[in-house]
Amino acid sequence: MLTEALSEALEEAGVSLQEFRELCLRLLNYGVLCRAESQTEQQLYDRYLRIEPLVEEYLDLIGVSLFHDRRFAYLRLYPPGARVPGMEDAPESAFSGGLRARLRQDEVALLLVLRLQYDKALREGQLDEHGHVLESVESLAIAMRNLLGRTLPDKIVERKRVFNRLRQLRLIDYRQDEEMENGEAWIRIHPMIVTFVSDEALTALEDELPQPEAEDVS
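Below or above, wherever it landed, is the structure these notes cover. The residue count restarts for each chain, going from 1 along the sequence in the order it is written. Reporting of local features is limited, given that this is a predicted model, to residues whose pLDDT is at least 70; pairs of side-chain atoms are given and counted only at 80 or more, and all residues count toward the totals for whole chains, interfaces and linings. Note: side-chain values were computed over all heavy atoms of the structure, leaving out hydrogens and water.

Concerning the packing of aromatic side chains
Stated formally: Any pair of Phe, Tyr and Trp rings, taking the six-membered ring for Trp, is counted once the centres come within 6.5 Å. Such a pair is stacked with planes under 30 degrees apart, edge-to-face with planes over 60 apart, and tilted for the rest. Partly exposed describes any residue whose relative accessible area lies between the buried limit of under 20% and the exposed limit of over 50%, with all areas from a 1.4 Å probe on protein chains only and scaled to the type maximum. A run of H or I in DSSP becomes a helix once it reaches four residues, and a run of E becomes a strand once it reaches two; helices and strands are each numbered from the N terminus. Charge-over-ring placement is defined geometrically: NZ (Lys) or CZ (Arg) within 6 Å of the ring centre, and within 35 degrees of the ring normal.
On inspection of all chains with the given rule, the structure shows three aromatic pairs. When the ring of F67 is compared with that of Y74, the centres are 6.2 Å apart and the planes differ by 55°; the resulting orientation is tilted. Overall, F67 belongs to the buried group, its relative accessible area being 15%. Ring centres 6.4 Å apart and planes at 80° place the aromatic pair F163 and Y174 in the edge-to-face group. One end of the pair, F163, is in helix 7 (residues 156-168); the other, Y174, is in the loop between strand 5 (172-173) and strand 6 (186-189), and eleven residues separate them in sequence. Side by side, F163 and Y174 carry an identical accessibility label, which is buried. Taking the ring centre of Y30 as reference, the NZ or CZ of R26 above it sits at 4.4 Å.

Written out as structure tokens, the structure is:
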């Protein structure tokens, strides 16, 4: 019965049931959809705009909330109980991320620095027309050392793993041929970093990180 009613509604919008499934599976698998990411995601995002109420109703049935940033054209899913941007009455959560993102400590540290650097660029008006912030790996390493008393992973394999993980979450982007051990490599921070790491989450993330030992200046 539900499938039949859904098929009729989709037909009115000119979308097939298979195309609806493809869109929902992509959202549930990745937890995020960014129009500017690729041609495939552009097509899926534009398809979503045609059947927005149907997708939201389906996700609501399974307890998943959807955040839509129309300005920067991206979607992010939140699991049941997570705090969704713009929904102040939602239950509190220590960390807001796509479908319970499980991050390692070095990923959390970089994520925190990325959000703080984004906020700094926002205050200084250094965002591009799409809301992105450009930072060099060197500047991120310096910020991490100054703010958290930590360093980026020394081993190139570990460093690439950290950056790749956050790239999968669509929080950063960079050229695949960039050498991550080179401080001159550039990272583009996506504006969705602000909704992925809320102001409240900043405090929670900071509490999860070990505090750097005080230096002996005597």
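Quick word on the sheet that holds strand 1 (residues 32-34)
For clarity, the threshold we go by: One requirement defines pairing of two strands: DSSP has to find at least two bridges between them. Orientation is described by lines fitted to C-alpha atoms, with helices fitted over the stretch in contact, and by angles between N-to-C directions that extend from 0 to 180 degrees.
In spatial order, the strands read 1-3-2; together these three strands make up an open sheet with antiparallel pairing. This sheet does not close on itself; its edge strands, each paired only once, are strand 1 and strand 2 (65-69). On average, each strand axis in the sheet is tilted by 15° relative to the strand beside it, whichever way the strands run. Relative to strand 3 (residues 74-78), strand 1 runs antiparallel, the two sharing three bridges.

With respect to the packing of helix 2 (residues 17-30) against helix 3 (residues 39-50)
Our working rule: Angular relationships are summarised with four words: roughly parallel below 35 degrees, roughly antiparallel beyond 145, roughly perpendicular across 65 to 115, and oblique for the angles in between. For any pair of crossing helices, the crossing counts as left-handed if the nearer helix is rotated counterclockwise from the farther one by less than a right angle, and right-handed if it is rotated clockwise. Here, residues are in contact when the closest pair of their heavy atoms is within 4.5 Å. Polarity classes work like this: nonpolar for Ala, Val, Leu, Ile, Met, Phe, Trp, Tyr, Cys and Pro, charged for Asp, Glu, Lys and Arg, and polar for all others, with Gly in that last group.
Two elements in contact, helix 2 and helix 3, have axes whose closest approach is 10 Å; the angle formed by their N-to-C orientations is 115°. Classified by the interaxial angle, the pair formed by helix 2 and helix 3 is roughly perpendicular. As helix 2 packs across helix 3, the resulting crossing turns out to be left-handed. Contacts from E19, E22, L23 and R26 of helix 2 reach helix 3 at T40, E41, L44, R47 and Y48. By residue class, the composition of the contact of helix 2 with helix 3 is three nonpolar, one polar and five charged.

Side note on the pattern of salt bridges
Put simply, the test is: We count a salt bridge whenever a side-chain nitrogen from Lys or Arg sits within 4 Å of a carboxyl oxygen from Asp or Glu.
Evaluated as defined, the whole model comprises 15 salt bridges. As a salt-bridge pair, R104 and E158 come within 3.8 Å of each other at their nearest N and O atoms. Pair noted here: R104 is in the loop between strand 3 and helix 5 (105-123) and E158 is in helix 7, with a separation of 54 residues, a long-range link. When its relative accessible area of 28% is taken as the criterion, E158 is described as partly exposed. In this structure, D173 and R167 form a salt bridge, with 3.2 Å as the shortest nitrogen-oxygen distance.

Re the nonpolar core
Burial of nonpolar side chains together is a common tendency in soluble globular proteins. Applicable threshold: Put simply, a nonpolar core is a bunch of buried Ala, Val, Leu, Ile, Met, Phe, Trp, Tyr and Cys residues held in one set by side-chain atoms that sit within 4.5 Å of each other.
Ranked by internal contacts, the top residues of the largest apolar core, which has 39 residues, are L110, L111, L114, F163 and I193. Elements with a minimum of two residues in this core: strand 1, strand 3, helix 5, helix 6 (137-148), helix 7, strand 6 and helix 8 (193-196). The biggest single contributor to this core is helix 5, with nine residues. Ranked by size, the runner-up nonpolar core spans 18 residues in total, among them F20, C24, L27 and L75.

Side note on the pairing of strand 6
On a regular strand, each side chain points to the face opposite its neighbour's, so the side chains alternate between the two faces of the sheet. Residues I187 and I189 line the buried face of strand 6, whereas the alternating positions W186 and R188 sit on a face that is not buried. Pairing of strand 4 (residues 133-136) with strand 6, which is carried by four bridges, proceeds in the antiparallel orientation. Residue V133 lies in a different strand from strand 6, and its bridge partner there is I189. Both strand 5 and strand 6 contribute to a ladder of two bridges, which runs antiparallel. When the bridges of strand 6 are listed, D173 appears paired with R188.

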